[in-house]
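Results of the structural survey
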Amino acid sequence: MKIFDLTAHEVRDKLRNRELSSVELTEESYKRIDAVESKVDSFITFTKKEAFLQAKAFDERMKKGELLGDLAGIPMALKDNMCTDGILTTCASKILGNFTPPYDATVTQKLKNAGAVIVGKTNMDEFAMGSSTENSAYKTTKNPWDTDRVPGGSSGGSAASVASGEVFYSLGSDTGGSIRQPAAFTGLVGLKPTYGRVSRYGLVAFASSLDQIGPLGKDVEDCALVMNTISGHDRKDSTSIDRPVPDFALGMKNGVKGMRIGIPKEFFGEGIDEEVKTMVLEAARLYESMGAVCEEISLPSAKHALSVYYILATSECSSNLARFDGARYGYRAKNYEGFKDMFIKTRSQGFGEEVKRRIMLGTYSLSSGYYDAYYNRGLKVRTLIKQEFEKAFETYDFILTPTTPTTAFKIGEKSDDPLEMYMSDICTVPVNIAGVPAISLPCGFKDGLPVGMQLIGKFFDEATLIRAAYSFEKASVICRQRASIMGGGVNEL
Amino acid sequence: MAITVKDVEHVARLAHLEFEEEEKLGFTEKLGAVIGYIEQLKEVDVDGVEPTNHALDIKNVFREDVSEPSMDREKILQNAPAKRSGCFEVPRMVD
């Protein structure tokens, strides 16, 4: 088996057994980048110098016989909306094209402390606004399973970098499905933690009440190990929750016997591909065969989640992005007359189309005369959605749904129709609205493309999701399938 | 709900953005479609429902009022599009 085909925990074992050094592994990672990056376009920035320094430091500590953590010495990638001290952080926007943060995001710091080797910063939809990674100001990332298709968005670069073997895992951010939807499209496991579980300090804000950082990996165990490293309270983020962090990998192998699984009929309705439905329902049967109980449930307000999302996310983004004025950092327009004109021209030239569209929609929702009809009503429907989830979790351990209505679509197919593009997040947004955790993992293939299923859990109960996802992964053969660019593909099945 | 060019101009002013005439027309159509979609929320009965600002019930967080080192001035200014005498340089704001 090729090294780049391995999972992070398999590579960890090889590092610990001295079969490999971190420098060799980092060389492998950049070799792989040389071989496939021109086909997938996962990255915006490479951090080769820093990566090799970290790799060498790992090897020296190993020589001294130090016991190092699970992620130490392993090449990984960060989405380009997470601040890295002294390294370009563009958010895939022209307005931040020259921005070098003077500090590290908390997740960056935690990964560095854990000895992770950061190989580069990945491409994304500008300011994390999009579902296809076509909204980047720099490049369009391609799906490693079929390079004519999108890898999903907005963490498409992070997903493609793992699915094509350039790195062993990555971090994405998820505001309405931006970790889970790309995970589903590229055959990976992606986890959106409970809101507040992972610090957002140093994450360039899109919609602060919805954004959450999480891992993308080749299997469930990798995601559990990354969660162990990045979770926890942070006094620099006022929305971070002070709660103990369990070892997410610890109870992972305990099975699903006796678990109760809710299957909400609203997530299997119109717009969801028939084969996707069938595969998710087959997964439910597999859970039953392992001793779980599956029952149909109803979450009637979930059908409003996308509307609520586009009011709240755009309102919050219009407020968050008001800081981009050309005064202190980022792009500044060349020709202007006075301060206000500098502000307007900088923003008009610096932001891309989708970002401007969302700022406009959010400003409209928050404007005088519409605030109650849109924003305030959106917050109230959010309460209803949250209450329905809470009620369901009184009876069920987790909820099972498709992650996306279809498999990965073609590049350009939906870019002219924002509404149609937004629909690809229809199964994932209710989770962000409620703030609960969810994981996406592969459950089958349609025409050679991965299909993802989503497990939604109780507040702070990522452990159950990881355990349930791990059980499915071990019981099916799907997780060992690799993208065609990896020399795999479902034709091998 | 139909969005007019005048609406687009008004919102653009609030958002500190400007658009070409052709772009404004594009916005009326695309924004109108999305607003039409989110209008379905008007069907939901929200009488007596409290709004949820945050998914978790979080309280404001305070720290002890102890001074801590600030970020290095030069590091902050390293990204300034224009700087002078250790400050950000911007066009005159008041006459």
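Provided above is the structure to which this section pertains.
Throughout what follows, the structure given in this document is the object of discussion. (Residues numbered from 1 in each chain as written. Chains lettered and ligands numbered in written order. Predicted model: local features only at pLDDT ≥ 70, side-chain atom pairs only at ≥ 80, totals over all residues. Heavy atoms only, no water.)

1. Focus on the packing of aromatic side chains
The geometry of an aromatic ring pair is captured by the separation of the ring centres together with the interplanar angle, meaning the angle of the planes. Residues and elements named next belong to chain A. Where we set the bar: We call Phe, Tyr and Trp rings a pair once their centres come within 6.5 Å, taking the six-membered ring for Trp, and we label the pair stacked below 30 degrees between planes, edge-to-face above 60, and tilted otherwise. Numbered from the N terminus, helices here are DSSP runs of H or I no shorter than four residues, and strands are runs of E no shorter than two. Summary of the burial criterion: residues with accessible area below 20% of their type's maximum are buried, those above 50% are exposed, and those between are partly exposed, where the area comes from a 1.4 Å probe applied to protein chains only. For a ring to carry a charge above it, either NZ of a lysine or CZ of an arginine must fall within 6 Å of the ring centroid while also lying within 35 degrees of the normal to the ring plane.
Taken as a whole and assessed by the stated rule, the structure comprises 22 aromatic pairs over all chains. When the ring of Tyr287 is compared with that of Phe398, the centres are 5.6 Å apart and the planes differ by 70°; the resulting orientation is edge-to-face. Here Tyr287, found in helix H8 (residues 274-289), pairs with Phe398, found in strand E9 (residues 398-402); they are 111 residues apart in sequence, far enough to count as distant. For Tyr287, a relative accessible area of 0% corresponds to the buried category. Assessed through its relative accessible area of 0%, Phe398 is described here as buried. Note on Tyr309 and Tyr310: the rings are 4.7 Å apart at their centroids and 85° apart in plane angle, and the pair reads as edge-to-face. Accessibility classification places Tyr309 together with Tyr310 in one group, the buried group. The structure contains a cluster of three or more aromatic residues connected by ring pairs, namely Phe99, Phe127, Phe324, Tyr329 and Phe351. We note Lys94 situated over the ring of Tyr331; from NZ or CZ to the ring centre the distance is 5.5 Å.

2. As for unusual backbone geometry
Where the residue is not glycine, phi is negative for most of them; where a peptide bond is considered, it is trans in most cases. In this chain, Gly153 of chain A is followed by Ser154 of chain A through a cis amide linkage whose omega measures 5°. When you line up the elements, Ser154 of chain A lands in the loop between strand E3 (117-122) and helix H5 (156-163). The residue His16 of chain B is not glycine, and still its phi comes out positive at about 55°. Looking at the secondary structure, you find His16 of chain B in the loop between helix H1 (5-15) and helix H2 (21-38). Judged by relative accessible area, which is 22%, His16 of chain B ranks as partly exposed. Of note in this structure, Ser85 of chain B is not a glycine but carries a positive phi near 50°. Inspection of the secondary structure assignment puts Ser85 of chain B in the loop between strand E1 (83-84) and strand E2 (87-88).

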